[in-house]
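# Results of the structural survey
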Amino acid sequence: MLDAVTLSKKHRSPAAKKDEVQTKYWKPWRLTWNVLSLVTVAAAYFENVTVHSQELVNNGAYKGFLAAYFGYLLIVYGIGSVTKGKIRLYSGHFAQLNALLGVVLIGQDLLTEKFAMIKLPFFVSFAQILDQIKTDQKLLIASTWSSLGLWLVSFIVGTLIGVVLGLYMGRYRQFNYWSFPFLKVIGIIPAAAWMPLTMVIFPTSYLAEIFLIAFAVWFPVAFMTIGGVQSISSDYFESARTLGFSEFQIMRKVVIPGALPNIFIGIFTAMGLSFTMLVISEMIGAKVGLGWYINWAKGVGNYTQVYAAIVIMAILFSVIFSFLNKLQEYALRWRKSSKV
Amino acid sequence: MVQLTIQNVNRILHDNNGERINVLEDINLSVGSGEFISIIGPSGCGKTTLLRLISGLDQPETGKVTVDDQLVTRPDASRGYVFQHGSLFPWETIRDNISAGLKAVHGRHYDRNLVAHYIELMGLKGFEKAYPHQVSGGMAQRAALARSIIMNPELLLLDEPMGALDAFTRADVQDVIHRVWKQTQTTMVLVTHDIDEAIYLGTRIVVMTPRPGRIKEVVTNPLTFPRDRTSDQFLEFRRAIQDKLNFGKKPISETI
Ligand SMILES: Nc1ncnc2c1ncn2[C@@H]1O[C@H](COP(=O)(O)OP(=O)(O)OP(=O)(O)O)[C@@H](O)[C@H]1O
Ligand SMILES: [Mg+2]
């Protein structure tokens, strides 16, 4: 009935989705790079097997890792070279990085365990780290779960407090007037400064740790949320009122979604701080967790264990980061994508 | 039945330097049930300001606005408002935007068929799940229209709902508004820059002058429905209105 041209113009199609993938994986697929990355990873394996080692290392885990890595590349490139879909774009995009990683693996192996140019105990090869992880796997898994649990509880508590405070302070001037000075003064104090006090005040060290991490989180979240609420165009409030929204509905349907982009900025700022506080508070107070594990390893002088914990943290925190990223992508799917 | 009365209304605002501006001066207007009032006047003469007073978003400094003898003190779902810069919620889909008011008033058990009906009527079928930034300006404006009309208000205030549209889409949306007005008997007040549009839709035409914003004249539209934009009577009436707006006599730069 109405304009057929505009009807079909801007609606998101599967093609638009493909464009998004194309801008994300923009490096073109090249056979040379794909082959080269397979070669460097294979070379890393042969280098490890053939070059004589100066240090006593069990390379089993490392070789297993290299074999798995090689197999993964082979499968991805295999599919990428015969199909046209997302996997091809993905494998083409990361081929150069994979090739570099192969070279880096060879380099670190030669520098440490093979020629001992940088030495134990402070510098260890990746092979040793992997072996350590394998040896300590039970303890490390338990520590990882414990750290993840502590982080999750504290982060959720801190975020909720920050969001609720931020929403009310952003929305209600009177409330903002009375509470903002407190927010400013209390929020600016680094959470770590409270550490000695919390250890005494809280009945258990677990509660003290939750407090410290949540404390690192609430301030950036609250601060960004306030700004987010205040930046919502008055048009949306006014149309809500003319449509008969109650105050509660305005909060739920206008204030929260409107502030959400800023809330996520706050959450990502808080995320880094929360990781820092997690490790620090576990080092000081806890008897479990990755922070505790590092501290314990330092005590016995086993730096390979320190590296092992660092590798696990790198993985754990990246997973959390990607999860939050996905959550943001979903929650803000209504936004115009800002990708170029 | 609805009776809107505007009595001796003045709206005084202050500019950035604190200078007093009489945005509206001594506005008197009485609108009866089922009327379609077109308010026309140059940019900045206070049309939006007047509409906001009727809706209850703002209060006049002096004078009063009443609907059925009730003083208007705040916005209400019974007075629909379609904003000049169609303010759909960008975080809700077209369907959720259209049903937003229904959900707010009737809760979870709102009339889903009604929503489907308006999606169809506004030519938004197939775009229910799209977000506002994914549809054209014309579609967004029709969705904003649907969102207000679906509430079945006794009074519908339209602030240049077609201002941002091209000529073809504009004519389509005008016809939709006209059809809804005939079917629902809703009293409508339309603000527009466009003389053709004012005449095509309005039963009475309110001509405003700027600085201070005053009602210069209220003209009853002699044309019967259906109206033909190219008929002699239409063009003759158009000329009469144009004369009242002083177009052609004053350069445009002075009126803005
Ligand atoms: N909040 C405000 N504070 C100060 N002055 C204002 C404010 N809102 C509007 N004005 C002034 O009031 C006058 C009328 O504004 P209004 O928006 O009602 O005009 P309008 O007739 O709707 O114009 P347009 O056709 O361009 O939308 C303008 O001169 C404007 O500068
Ligand atoms: Mg206006």
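Residues numbered from 1 in each chain as written. Chains lettered and ligands numbered in written order. Predicted model: local features only at pLDDT ≥ 70, side-chain atom pairs only at ≥ 80, totals over all residues. Heavy atoms only, no water.

Per an unreviewed UniProt entry, chain B is named ABC transporter, ATP-binding protein, and its organism is Lentilactobacillus parafarraginis DSM 18390 = JCM 14109.

An unreviewed UniProt entry lists chain A under the name ABC transporter, permease protein, with Lentilactobacillus parafarraginis F0439 as the source organism. What UniProt records for chain A under Subcellular location (unreviewed entry) is the sentence "Cell membrane". The UniProt entry for chain A carries the following text under Sequence similarities (unreviewed entry): "Belongs to the binding-protein-dependent transport system permease family." (UniProt positions renumbered as here; feature names shortened; annotations may be inferred.)

## Remarks on the overall build of chain A
Assigned secondary structure in chain A consists of 14 helices and zero strands. Counting from the amino terminus, helix and strand elements in chain A follow one another as α-α-α-α-α-α-α-α-α-α-α-α-α-α. Radius of gyration (C-alpha) of chain A: 26 Å, far over the 20 Å computed for a compact globule of 340 residues. Across the 340 residues that make up chain A, the buried fraction comes to 44%. Within chain A, contacts between residues at least 6 apart in sequence are counted, and of these 77% link residues at least 24 apart. Summing over all exposed atoms, chain A offers an accessible surface of approximately 18500 Å²; the carbon and sulfur share of this is 71%. Computed over 29 positive and 15 negative side-chain charges, the separation of the two mean positions in chain A equals 7 Å. (Helix = DSSP H or I, 4+ residues; strand = E, 2+ residues; numbered from the N terminus. Rg over C-alpha atoms; globule rule 2.2 N^0.38 Å. Buried < 20%, exposed > 50% of the residue type's maximum accessible area, 1.4 Å probe, protein only. Contact = heavy atoms within 4.5 Å. Areas by Shrake-Rupley, 256 points an atom, 1.4 Å probe, with all protein chains shown as cover. Lys, Arg positive; Asp, Glu negative; His and termini not counted. Charge placed at Lys NZ, Arg CZ, Asp CG, Glu CD.)

## Digging into the site of ligand 1
Residues and elements named next belong to chain B. What surrounds ligand 1 is a group of 14 residues, the closest being Ser 43, Gly 44, Lys 47, Thr 48 and Thr 49. At a separation of 2.4 Å, an oxygen atom of ligand 1 approaches a polar side-chain atom of Ser 43. Measuring from an oxygen atom of ligand 1, one finds a side-chain N or O atom of Thr 48 at 2.6 Å. Summarising the interface, the protein chains cover 66% of the accessible area of ligand 1, which totals 640 Å² for the free molecule. Elements that contribute at least two residues to the shell around ligand 1 include exactly strand 1 (4–14) and helix 1 (47–55). Ranked by residues supplied to the shell around ligand 1, first place goes to helix 1 with three residues. For the shell around ligand 1, a count of residues per class yields three nonpolar, eight polar and three charged. (Near = heavy atom within 4 Å. Polar contact = N/O pair within 3.5 Å; in protein donor to acceptor, adjacent residues only side chain to side chain. Nonpolar A, V, L, I, M, F, W, Y, C, P; charged D, E, K, R; others polar.)

## As for the UniProt feature "domain: ABC transmembrane type-1" (unreviewed entry) in chain A
UniProt's feature table lists "domain: ABC transmembrane type-1" (unreviewed entry) at residues 144–325 of chain A, given in the numbering used throughout. In residues 144–325 of chain A, the share of helix is 87% and the share of strand is 0%. The end C-alpha atoms are 21 Å apart.

## Things to note about the nonpolar core
By size, the foremost hydrophobic cluster in this structure holds 134 residues, and its most contacted members are Val254(A), Ile98(B) and Leu158(B). Per-element tally for this core: the top contributor is helix 12 (residues 247–285) of chain A, with 16 residues. When residues of this core are sorted by domain, at least three fall in each of domain 1 (16–121) and domain 2 (137–331) of chain A. Look past the residues within four positions of Val254(A) in its chain and what remains in contact with it is Ile232(A), Tyr236(A), Phe237(A), Ala240(A), Gln249(A), Phe89(B) and Trp91(B). Formed by 28 residues, the second largest nonpolar core is a distinct cluster that contains Val23(B), Cys45(B), Leu51(B) and Leu155(B). (Core = buried A, V, L, I, M, F, W, Y, C linked by side-chain atoms within 4.5 Å. Domains from an automatic or database assignment.)

## Structural notes on the packing of aromatic side chains
Throughout the structure, instances matching the rule amount to 31 aromatic pairs over all chains. Ring geometry for Phe65(A) against Phe126(A): centres 5.4 Å apart, planes inclined by 80°, an arrangement best described as edge-to-face. Note that Phe65(A) is positioned in helix 4 (residues 60–82) and Phe126(A) in helix 6 (residues 126–135), a separation of 61 residues in sequence. Exposure remark for Phe65(A): the relative accessible area of 30% places this residue in the partly exposed category. We classify Phe126(A) as partly exposed; its relative accessible area is 22%. Directly above the ring of Tyr200(B) sits Arg229(B), whose terminal nitrogen or CZ lies 3.6 Å from the centroid. (Phe/Tyr/Trp six-rings, centres within 6.5 Å; stacked < 30°, edge-to-face > 60°. Lys NZ or Arg CZ within 6 Å of the ring centre and 35° of its normal.)

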